[in-house]
Amino acid sequence: MKVATHLFDAVIVGGGGAGLRAAIELSQVGLHVAIISKVFPTRSHTVSAQGGINAALGNAEPDDWRWHMFDTVVGSDFLGDQDAIEYMCKNAPQSIYELEHMGLPFSRIENGKIYQRAFGGATREYGKEQAHRTCCAADRTGHAMLHTLYQKNLQAKAQFFNEWFAIDLVKNQTGVAGATAICIETGEVVFIHAKATILATGGAGRIYQSTTNAHINTGDGMGMALRAGYPLQDMEFWQFHPTGIYGSGSLISESVRGEGGYLINKNGERYMERYAPHLKDLSCRDIVSRCSAIEIREGRGCGPMGDYVLLKADHLGEELIKTRLPGIRELAITFAGTDPVKEPIPVVPTCHYMMGGIPTNYHAQAITKNVKGEDQIIQGLYAAGECACVSVHGANRLGANSLLDLVVFGRAAGKHVKQSIEQGLTWSEPHSADIEQALSRLYRWNGNEKGERVDEIRCALQKIMQDDFGVFRTEEHMKTGFVKLEELRDRLNYAAIQDKSDCFNTARIEALELDNLMAIALATAHCANMREESRGAHARYDYPKRDDKNWLKHSLYFEDGKIVFRSINMKPQESEPITLRAREDVH
Amino acid sequence: MRFSIYRYNPEKDKSPYMQTFDIDVKEHQCVMVLDALLTIKNKFDESLSLRRSCREGVCGSDGMNINGKNRLACTAHLSSLKEPVVIRPLPGLPVVRDLVVDMSQFYQQYEKAKPYLQNHDPKPATERLQSPEDRKKLDGLYECILCACCSTSCPSYWWNPDKYMGPAALLQAYRFIVDSRDTATEERLADLTDPYSLYRCRGIMNCVDVCPKDLNPLEAINSMKDMILKESV
């Protein structure tokens, strides 16, 4: 196939928070940037983030970015890289001020400064009282942020390829030369040739049956990286949010608990007081989710089937709920049929966030391993946001650190690309065979005439992940799940779409997405099965304890199933390293 | 439950037609219209094209005309709808395929509102201050999800989609006009004084009636008309 080539300084795959933040950094200095987004940018999943974004501004009480760093490291169950966490927490206030200057409508306090609320795992003075560190725009922070970033890009005149789908990275001898993409509306295929390629494609929560994630969260960038021969890191770590609406899976933000709401079981007991007397309902998300799962399993769940718990907020009063939590109220009324002003919301732990992703350093440069087993920077490739693993979240992400991650490292990616181009980074020429290679899966889907339907395989995949790789894991289940998943991968090769139209063919896009879902599910299954310990969100019945002696390390997974390990960075540049300790001792 | 769905693929159909589907909504656990549409697409006819993303009413992808009213498929309860449920693309915009419309003109009007903060004063080292009262003025404005339900329910917009900005874009114009941090109020108002951009609004309130986020573009439009009037006397 002869495809048109478009030349850009940088191509950004993904029009969510990370991609848009990176684009601003580049287009405002006049660099020629293409943003490929499979949806109109304001439909990206950043829009669903509710509670807020952490930064030690100290508007509510004295605060310090080192305390934020401490909380993040402890929250990560020590799997996070301390140099990256230091960078994120230190750059957090500046990143927030920039967003404010761009126009983000933050909620305010009396003196006109940004309002900051309490959130899970946030403490003052290294583990003491609850901190108020989460900046927000009511409970629509992601929406406010995404729209602000898009609006700023309109002003900076970035070039959008809206409703285009990136198919694969184009690789050559030196590194990454850009990406192939297809226009959803017309079927036109192009190669976007760029000096730098930034993957900012978000998460892949759609590998699970029950998820807070949007339909579009199919791990596209990570699938692209794997197929190009690059690794994914820490894919066993998936966050289950304690408060997904029972049934629909829509998210009910932690800010409900931050504002004073709490979870109860069928006896009306506030059970988090029993499990975690210090931080209670604002313990780390993995802990609260496990406690809820235990309550349900031990027969203290609510409802006719006893399969959910209740989130109580009516004691907060109508005024507070209407001003601080209006979006939550709307969601609860629409999807749970309950008004939190009057009655509690039925909730269950629900797949929410992927801590793993494309390994990067804190400049957002993607990393692989060379033949000697050393870290090697991939020339021309960057990743930021949920699809990246810097790693700032380690084994468990703190609430309101994801919007921070995507802003800080989207910004960092932009800054590093800009600097690299100034220092001479230029286009590297791919062969036509390299471009053909990056179109091969499109040919496969276009060519397959008869076969299983995409939806059949997708549903089976989601059920396996839900049943065998959920909140609690055991070798027995994972082994069975693994075999089923491998079978499913073989079936995927013979799947087919009947719709071959070039006009807004969403069946074809869903087929291309399924390749990515499969790649991510396999990565998760391989890594989860391999890690014989419980750490953060990875909880095993058969290995219930954290094992620092054997498992204090990142896992790197390659597409062929090979897993190697990377050491964790415990050397921040200017602050004191945070030494290993049990999370229970802190919380 | 019976659904009658607008179908049109310009590659193979000479003209659009309505197609009937009977779906066991209980068996497929459909609560919202979007659930039913995805059941049709996933289980019966993969060629049905529509946009969807968040499925919880915040991304604005799945605005469509359901039983004669523009709304989001993901928040439209099946239990509230009469059968057959008639689903058409948003009216007034060119149809790309099935329920997918060409939104470019809608986005162009949005861009005409210069929907970004303008303030040329030196940036402070920390945040610009804004009182809670001033911040409150943005409530009911910034929450717009650009679903286009309002603009495509407006006859003035149907007549002049190239010249009348429409309620969604005007809501954004006002969102920046009342932002205490924005300093371009005069220019913004001046941009609206031609006979079309703002003044084609006749106040029939279709926009208010359909907004899935319960926003009130008419109030914003009237406020801007008042401001322009006050400036001119």
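For clarity, every value in this text was computed on a predicted model and none was experimentally measured.

Caption draft 1: Geometry of the overall build of chain A. Check the secondary structure of chain A and you find 18 helices and 22 strands. In summary, chain A has a C-alpha radius of gyration of 23 Å against a globular reference of 25 Å for 587 residues, a match within 12%. A total of 587 residues make up chain A; the buried ones form 70% of that total. Put simply, 74% of the contacts in chain A that link residues at least 6 apart link residues at least 24 apart. Here chain A contributes 64 positive and 73 negative side-chain charges, whose respective centroids are spaced 1 Å apart.

Caption draft 2: Quick peek at the interface of chain A and chain B. Across the contact, 67 residues belong to chain A and 63 residues belong to chain B. With both chains or domains summed, chain A and chain B bury close to 5100 Å², and 48% of this area falls on carbon and sulfur atoms. Considering only the side of chain A, the residues that lose the most area to chain B are Arg 43, His 101 and His 215 of chain A, jointly responsible for 15% of the buried surface there. Linking chain A with chain B are seven salt bridges.

Caption draft 3: Structural view of the sheet that holds strand E10 (residues 232–233) of chain A. All names here are of chain A. Strand order across the open sheet formed by three strands is E10-E21-E22, with antiparallel pairing between neighbours. The sheet terminates laterally at E10 and strand E22 (563–566), the two strands that pair on one side only. In this structure, strand E21 (residues 554–557) lies alongside E22, joined through four bridges in antiparallel fashion. Paired with Ser 555 across the two strands is Phe 565, which belongs to E22. Against the sheet, helix H16 (residues 506–530) makes contact with E10, E21 and E22, and its axis sits at roughly 140° relative to E21, the strand it touches most.

Caption draft 4: Geometry of the environment of Trp 158 of chain B. Residue and element names in this part refer to chain B. Tracing the sequence through the fold places Trp 158 in helix H4 (residues 155–159). In the structure, Trp 158 is positioned 66 residues away from Gly 92 in sequence and 5.4 Å away in space, judged by C-alpha atoms. The residues contacting Trp 158, other than those within four sequence positions of it, are Pro 91, Gly 92, Thr 152 and Ser 153.

Caption draft 5: Region of interest: helix H1 (residues 33–44) of chain B. Taking 1.5 Å per residue, twelve residues should reach 16 Å; H1 of chain B reaches 16 Å between its end C-alpha atoms and fits that length. Of all twelve residues in H1 of chain B, nine are buried, a share of seventy percent or more. For H1 of chain B, the set of buried residues is Val 33, Leu 34, Ala 36, Leu 37, Leu 38, Thr 39, Ile 40, Lys 41 and Asn 42 of chain B. In this structure, the buried side of H1 of chain B is in contact with helix H14 (454–468) and H16 of chain A together with strand E1 (2–7), strand E2 (17–22), strand E3 (63–66) and strand E5 (85–88) of chain B.

Caption draft 6: Quick peek at the pairing of strand E4 (residues 69–72) of chain B. Residues and elements named next belong to chain B. Residues of E4 alternate between two faces, with Asn 70 and Leu 72 buried on one and Lys 69 and Arg 71 left unburied on the opposite face. As paired strands, E3 and E4 are joined by four bridges and run antiparallel to one another. Among the inter-strand pairings, Met 64 is bridged to a residue of E4, identified as Arg 71. Connecting E3 to the antiparallel partner E4 that follows it, the hairpin turn spans two residues, and Asn 67 within it adopts a positive phi of roughly 45°.

Caption draft 7: Representation of the sheet that holds E4 of chain B. All names here are of chain B. Taken in spatial order, the five strands line up as E2-E1-E5-E3-E4 in an open sheet, and their pairing is mixed. Every interior strand has two partners, whereas the edge strands, E2 and E4, have only one. Strand-to-strand twist in this sheet, taken as the mean axis angle between neighbours without regard to direction, amounts to 35°. With three bridges joining them, E1 and E5 adopt parallel strand pairing. Bridge pairing links Ile 5 to Ile 87 in E5.

Parameters at a glance
- Once a new chain begins, its residue numbering starts again from 1 and follows that chain's sequence as written.
- Chain letters and ligand numbers both follow the written order, the letters beginning at A and the numbers at 1.
- Local features in a predicted model are, by the rule used here, given only for residues with pLDDT of at least 70; side-chain atom pairs are given and counted only at 80 or more, and totals for whole chains, interfaces and linings are based on all residues.
- Computation of side-chain values: all heavy atoms of the structure, hydrogens and water removed.
- Segments assigned H or I by DSSP are reported as helices when at least four residues long, segments assigned E as strands when at least two residues long, and all are numbered from the N terminus.
- The globule rule is 2.2 Å times the number of residues to the power 0.38, and the radius of gyration it is compared with is taken over C-alpha atoms.
- Each residue gets one of three labels from its accessible area relative to the maximum for its type: buried under 20%, exposed over 50%, partly exposed in between, using a 1.4 Å probe on protein chains only.
- By the convention used here, residues are in contact when the closest approach between their heavy atoms is within 4.5 Å.
- Positive: Lys, Arg. Negative: Asp, Glu. His and the chain ends are not part of the count.
- A charge is said to be at NZ when it belongs to Lys, at CZ for Arg, at CG for Asp and at CD for Glu.
- Values labelled buried area give the accessible surface lost by two parts on being combined, using a 1.4 Å probe and summing over both.
- What makes a salt bridge here is a side-chain nitrogen of Lys or Arg within 4 Å of a carboxyl oxygen of Asp or Glu, nothing more.
- Only when DSSP finds a minimum of two bridges between them are two strands counted as paired.
- To get an axis, fit a line to the C-alpha atoms, keeping to the stretch in contact for a helix; angles then go from 0 to 180 degrees between the N-to-C directions.
- Expected span, for any helix, means 1.5 Å times one less than how many residues it has.

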